[in-house]
Amino acid sequence: MSRDLHDDKILILDFGSQCTQWIARRVREAGVYCEIYPWDISFDRVEKFAARGIILSGGPESTLADETPLAAMEVFNLNIPILGICYGMQTIARQLGGVVENVGKSEFGYAHVRARGHTELLRDIQDSVTEEGHGMLDVWMSHGDRVAELPPGFKLMASTESAPIAGMADESRKIYGLQFHPEVTHTKQGVAIYSRFLHEICGCGSAWTSANIIELTINNVRTQVGKDQVILGLSGGVDSSVVAALLHEAIGDQLTCIFVDNGLLRYQEGDHVMEQFAEHMGVKVIRVDAEARFLAKLEGVSDPELKRKAIGNLFIEIFEEEAARQNDARWLAQGTIYPDVIESAGASTGKAHLIKSHHNVGGLPENMKLDLVEPLRELFKDEVRRVGVELGLPKEMVYRHPFPGPGLGVRILGEVKKEFADTLRLADDIFISELRASDLYDQVSQAFVVFLPVKSVGVTGDGRRYNHVVSLRAVETIDFMTARWAHLPYEFLDHVSRRIMNEIDGISRVVYDISGKPPGTIEWE
């Protein structure tokens, strides 16, 4: 690498949009490093970041409100390109002397936008051309307010019937605003628009690639830990697996992984983890069989939050015990990724709302007297997966569906018992195996089986039985903030249902969850 990967970087000021992380991912996919700051971060920090360009995100507020979020006015005097998306465009208009209005009619969904003005941002970017020769874009709108009058120095860049000013540009200052969302997949030319802004307008290169990230991370880890010993809590999930592979590449036998098998993993998962890392890769892995301790801790506990806390606290306790035996360890590696950093920042400012405790086990105590090494701290999940494949991890491991930190403990509703976990493991394995066999696994974003705290009457031959009920759950989603239940073929569901009931003792009924998110959540607990 001739230049530091962070030399070309973009700052995203977040006004609370659910699409802000999508913006960041589009920027990263274009090979450009970026970070997300809250809109009210001090201007000193904005200036110190030294971005080549700034993107103002959308947001749920109205710029017409009395105490509406605003960008620091100094931002517009930094003499670097700025792109405002939806609310970001409206706040540019309001702050720089334009007019925003609400006509009582919102616009949500697909829209056809006419590109006007031949601005640098949209020049020659179009989905179709009208008979009159006007370039048209197929985009995604989501707004209530709209810009009514352009600020001084701006010209019209795009328009629709319901939003006559759907895009604006001050090309002398390289400040652009779009009412639509180019970060969502529904905007067909979104990638081209971001590429134009990042590479041609901001002058950024494309150095942010998996290969370069691996090289940079390995060098940083070697510099950070030197010849010291490092321990890592290996769960078998994507993040900890990629950390293990990265650290093994960087420091070899200076790494010791501690794999706490809590008895709440998927079918044969513990054996698979040991096979992949200890046998195939030569990583030093200490496996701790803690099933009995976890089940004892969960006895009589049925509340979801209490189960999460019990599992998380015991994990920390056991990990501490094993870590204490590694007397020469100086560093603790963790699979922290960038969304965790953003979420923690939101929680610390009081701007995040608790829906449930985070899936991942965390919060290892400071009295462990170990310094942290977090090689994935700057990466989104999709980047972590690409790095994992680049490092040679099996694709089926790296692209496996998300699995909660408490494991089957939150997929067994009510009290957790060994017999329930064993039954659920088998049912889940049948479901996932059949999804793979039918080439449906990669078409859904997450799939699993839930063990319900009810029994149902069933019939076996001439006999009546009264056994447990399980629910299949499969969803399709882009960002996991919203999700649609997967419309799996009836024949497939019938086949899975018959296999589960015929092959597993103790299950008399299989149901399929057709709840979306919202109002439901993806996991049941």
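Here the structure is a predicted model, which is why all the values come from computation and not from measurement. (Residues numbered from 1 in each chain as written. Predicted model: local features only at pLDDT ≥ 70, side-chain atom pairs only at ≥ 80, totals over all residues. Heavy atoms only, no water.)

A. Representation of the packing of aromatic side chains within the structure. Applying the stated criterion to the full structure yields 10 aromatic pairs. A ring pair is formed by Tyr33 and Trp208, whose centres lie 4.8 Å apart and whose planes are at 50°; its orientation type is tilted. Pair noted here: Tyr33 is in strand E2 (residues 33-38) and Trp208 is in the loop between helix H4 (190-201) and helix H5 (210-225), with a separation of 175 residues, a long-range link. An aromatic cluster of three or more residues is present, and its members are Phe15, Trp39 and Tyr87. We note Lys9 situated over the ring of Phe49; from NZ or CZ to the ring centre the distance is 4.6 Å. In this arrangement the basic side chain of Arg45 is found over the ring face of Tyr37, its NZ or CZ atom lying 5.0 Å from the centre. (Phe/Tyr/Trp six-rings, centres within 6.5 Å; stacked < 30°, edge-to-face > 60°. Helix = DSSP H or I, 4+ residues; strand = E, 2+ residues; numbered from the N terminus. Lys NZ or Arg CZ within 6 Å of the ring centre and 35° of its normal.)

B. The nonpolar core, seen in detail. Formed by 91 residues in total, the largest nonpolar core has its most connected members in Val230, Phe277, Phe431, Leu435, Leu472, Leu488 and Ile500. If you tally residues by element for this core, the top one is helix H6 (residues 238-251), at 9 residues. One finds Ile36, Leu83, Met141 and Phe180 within the second-largest nonpolar core, a separate group that totals 38 residues. (Core = buried A, V, L, I, M, F, W, Y, C linked by side-chain atoms within 4.5 Å. Buried < 20%, exposed > 50% of the residue type's maximum accessible area, 1.4 Å probe, protein only.)

C. Spatial organisation of the sheet that holds strand E15 (residues 284-289). Pairing within the open sheet is parallel, and its 5 strands lie in the order E15-E14-E13-E16-E17. Two strands bound the open sheet, and with one partner strand each, they are E15 and strand E17 (371-373). With strand direction ignored, the average angle separating the axes of adjacent strands in the sheet is 30°. With 4 bridges joining them, strand E13 (residues 229-233) and strand E14 (residues 255-261) adopt parallel strand pairing. (Pairing = 2+ DSSP bridges. Axes fitted to C-alpha atoms, helices over the stretch in contact; angles between N-to-C directions.)

D. Spotlight on the packing of helix H13 (residues 418-437) against helix H14 (residues 490-503). Running from N to C, H13 and H14 cross one another at 150°; their axes reach a closest spacing of 10 Å. Where H13 crosses over H14, the handedness of that crossing is right-handed. Contact residues: H13 offers Ala427, Ile430, Phe431, Glu434 and Leu435, while H14 offers Phe492, His495, Val496, Arg499, Ile500 and Glu503. Taken together, the residues of the contact of H13 with H14 break down into 7 nonpolar, 1 polar and 3 charged. (Left-handed = near helix turned anticlockwise from the far one by under 90°. Contact = heavy atoms within 4.5 Å. Nonpolar A, V, L, I, M, F, W, Y, C, P; charged D, E, K, R; others polar.)

E. Geometry of the confidence of the model for the chain. Model confidence for the chain is summarised by a mean pLDDT of 90, while 93% of its residues fall at 70 or above. This stretch, residues 346-363, has a pLDDT under 50; its non-local contacts, to residues over four places away or in other chains, come to 24 contacts. (pLDDT = per-residue confidence, 0-100.)

F. Broad picture of helix H1 (residues 20-29). In terms of burial, H1 is a largely internal element, 7 of the 10 residues being buried. Taken together, the buried positions of H1 are Thr20, Trp22, Ile23, Ala24, Arg26, Val27 and Arg28. Looking one or two places after H1, you find Gly31, whose phi comes out positive at around 85°.

G. Helix H7 (residues 269-280), seen in detail. Along its 12 residues, H7 runs 15 Å from first to last C-alpha, staying within 8% of the 16 Å computed at 1.5 Å per residue. When H7 is considered as a whole, its buried residues turn out to be Glu269, Gly270, Val273, Met274, Gln276 and Phe277. Buried residues in H7 make contact with H6, E14, E15 and helix H12 (395-398). A positive backbone phi angle near 75° is found at Gly282, which sits one or two residues after H7. (Expected span 1.5 Å × (residues − 1).)

H. Region of the structure containing the environment of Val225. Among the secondary structure elements, Val225 is positioned in helix H5. Given the relative accessible area of 3%, Val225 is considered buried. If sequence neighbours within four positions are ignored, Val225 has contacts with Val230, Ile251, Gln254 and Trp331.

I. Summary view of the side chain of Thr336. By the element assignment, Thr336 lies in the loop between strand E16 (329-333) and helix H10 (338-348). Residue Thr336 is classed as buried on the basis of its relative accessible area, which comes to 14%. Separated by 2.8 Å, the side chains of Thr336 and Glu374 make a polar contact. Sequence-distant contacts of Thr336, defined by excluding residues within four places in its chain, comprise Val341, Glu374, Leu376 and Arg377. (Polar contact = N/O pair within 3.5 Å; in protein donor to acceptor, adjacent residues only side chain to side chain.)

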